[in-house]
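# Overview (structure and organization)
One letter stands for each residue in the lines below.
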Amino acid sequence: MDFKRVIKEKILSANPLGGGDIGSSYRVKTDSREYFIKRYSFAGTAEAEALGLKAMAESGAVTVPEVLNYDDHFLVLGYISQGPRSRDFQKKLGRQLALMHRRSSAERFGFYQDNFIGSTPQKNEWKDSWTEFFTENRIEYQVKHSGNRDLIECWRRLKPNVPGILSETEEPPCLIHGDLWGGNVISNPDGDPVLIDPAAYYGHREMELSMTQLFGGFSSDFYSSYDAEFPLKPGWRGRMDLYKLYHVLNHCNMFGGGYCSQAASLMKKYQAL
């Protein structure tokens, strides 16, 4: 792998670390330091992730890998050696995430460019309201992308109910990680939380919390610490399955199988409201 275009130093070693849905990663050592380099299949993905990481870092609330360089396909980050998680890891994570949500804001919902959620394009066209953004840029895009007639019909019946479900939840846009499952949280040498691999945009923080519940890995200490720092609006737990729908639809589009029937079940849950 030719890293000379993004690292202007003599490379001593470059070891592959595996990859995800849309790229591969490497641990690269030079005379001066170690780097974590991600190579993406799709042009623009590296820039989108770099912008997300930089925005998160600017909040001063969370720790993320240092962005050092990027081009159309490569993203160069500072390498983070992982250590055992501290005893209060989950409390710190909840508080730090709440601080990021509270400190970051934008005038509209969206992001500076589209990015990816897994291998699926994530549409970030700016919208004036969260309901509009969630409906059009998140659920409707995924449903149309699926081409699944059952899901299209379920969405046709659910869509008119969404404004009512979200009517009292409007908040100013805040920066969210966008893909916050357990695998995208690591610990640094001190055992403190580090957030990686964002699909960032300015959205609603309840959307963020729904993803933390989808696959587990976040304890009660995480949620109580978050709520103590930045209290959630009443009824937030009842909206979690609606927000999970986005990620379940995405998994349906990527992997098929039971995720498609799960998405249909989630939509039917809110059709009767």
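This text goes with the structure placed above it.
Quick summary incoming for the structure in this document.

## Some words on the environment of Arg95
- Topologically, Arg95 is positioned in helix α2 (residues 89-103).
- Separated by 135 residues in sequence, Arg95 and Phe230 place their C-alpha atoms 8.2 Å apart.
- Once you skip the residues sitting within four places of it in the chain, Arg95 turns out to touch Ser225, Tyr226 and Glu229.

## So, the packing of aromatic side chains
- Tallied over the full model, the rule gives 17 aromatic pairs.
- Centre to centre, the rings of Phe111 and Tyr112 are 4.9 Å apart; their planes meet at 55°, and the pair counts as tilted.
- A residue is classified by how much of its surface remains accessible, and Phe111, at 2% relative accessible area, is buried.
- Classification of Tyr112 by relative accessible area gives exposed; the value is 55%.
- Considering the side-chain rings of Phe255 and Tyr259, the 6.3 Å spacing of their centres and the 45° angle between planes classify their relative orientation as tilted.
- The exposure class assigned to Tyr259 is partly exposed, which follows from its relative accessible area of 28%.
- A network of ring pairs unites the aromatic residues Phe109, Trp130, Phe133, Phe134, Tyr201 and Tyr243 as a single cluster.
- When the ring centre of Tyr201 is taken as reference, the NZ or CZ atom of Arg138 above it lies at 4.2 Å.

## Some thoughts on the side chain of Gln142
- Within the element layout of this structure, Gln142 appears in helix α3 (residues 130-146).
- On the basis of relative accessible area, Gln142 is assigned to the buried category, the value being 0%.
- Among residues more than four places away in sequence, those in contact with Gln142 are Ile117, Thr120, Tyr246, Leu249, Asn250 and Asn253.

## Some words on the packing of helix α6 (residues 205-214) against helix α8 (residues 236-255)
- As a packed pair, α6 and α8 sit with axes 8 Å apart at the nearest point and diverge in direction by 75°. Relative to α8, the element α6 lies roughly perpendicular. Across the interface between the two elements, Glu206, Met207, Leu209, Ser210, Met211, Gln213 and Leu214 from α6 touch Trp236, Arg237, Arg239, Met240, Tyr243, Lys244, Tyr246, His247 and Val248 from α8.
- Looking at the contact of α6 with α8 residue by residue, the classes come out as nine nonpolar, three polar and four charged.

## A few points about the packing of α2 against α6
- Where α2 contacts α6, the axes come no closer than 11 Å and their chain directions differ by 155°. By the criterion of interaxial angle, the relationship of α2 to α6 is roughly antiparallel. In the crossing of α2 with α6, the sense of the turn from one axis to the other is right-handed. Along its contact with α2, which presents Leu97, Met100 and His101, the element α6 presents Arg205, Glu208 and Leu209.

## Quick notes on α8
- Its 20 residues place the ends of α8 29 Å apart at the C-alpha level, agreeing with the 28 Å of an ideal helix rising 1.5 Å per residue.
- Of all 20 residues that make up α8, 15 are buried, and the element is covered over most of its length.
- Looking one or two places after α8, you find Gly256, whose phi comes out positive at around 70°.

## Comments concerning the pattern of salt bridges
- Here the structure, examined in full by the defined rule, presents 20 salt bridges.
- With a shortest N-O distance of 2.4 Å, Asp197 and Lys38 are connected by a salt bridge. Here Asp197 is found in the loop between β10 (193-195) and β11 (201-203), whereas its partner Lys38 is found in strand β3 (residues 34-40), with 159 residues between them in sequence.
- Judged by its relative accessible area of 29%, Asp197 falls in the partly exposed class.
- Glu136 is the salt-bridge partner of Lys127, the closest N and O atoms lying 2.9 Å from each other.
- Among the residues examined, Lys127 registers a relative accessible area of 9% and is labelled buried.
- One connected set of salt bridges, linked through shared partners, spans Lys38, Glu49 and Asp197.

Thresholds applied
- Residues numbered from 1 in each chain as written.
- Predicted model: local features only at pLDDT ≥ 70, side-chain atom pairs only at ≥ 80, totals over all residues.
- Heavy atoms only, no water.
- Helix = DSSP H or I, 4+ residues; strand = E, 2+ residues; numbered from the N terminus.
- Contact = heavy atoms within 4.5 Å.
- Phe/Tyr/Trp six-rings, centres within 6.5 Å; stacked < 30°, edge-to-face > 60°.
- Buried < 20%, exposed > 50% of the residue type's maximum accessible area, 1.4 Å probe, protein only.
- Lys NZ or Arg CZ within 6 Å of the ring centre and 35° of its normal.
- Axes fitted to C-alpha atoms, helices over the stretch in contact; angles between N-to-C directions.
- Parallel < 35°, antiparallel > 145°, perpendicular 65-115°, else oblique.
- Nonpolar A, V, L, I, M, F, W, Y, C, P; charged D, E, K, R; others polar.
- Left-handed = near helix turned anticlockwise from the far one by under 90°.
- Expected span 1.5 Å × (residues − 1).
- Salt bridge = Lys/Arg side-chain N within 4 Å of Asp/Glu carboxyl O.

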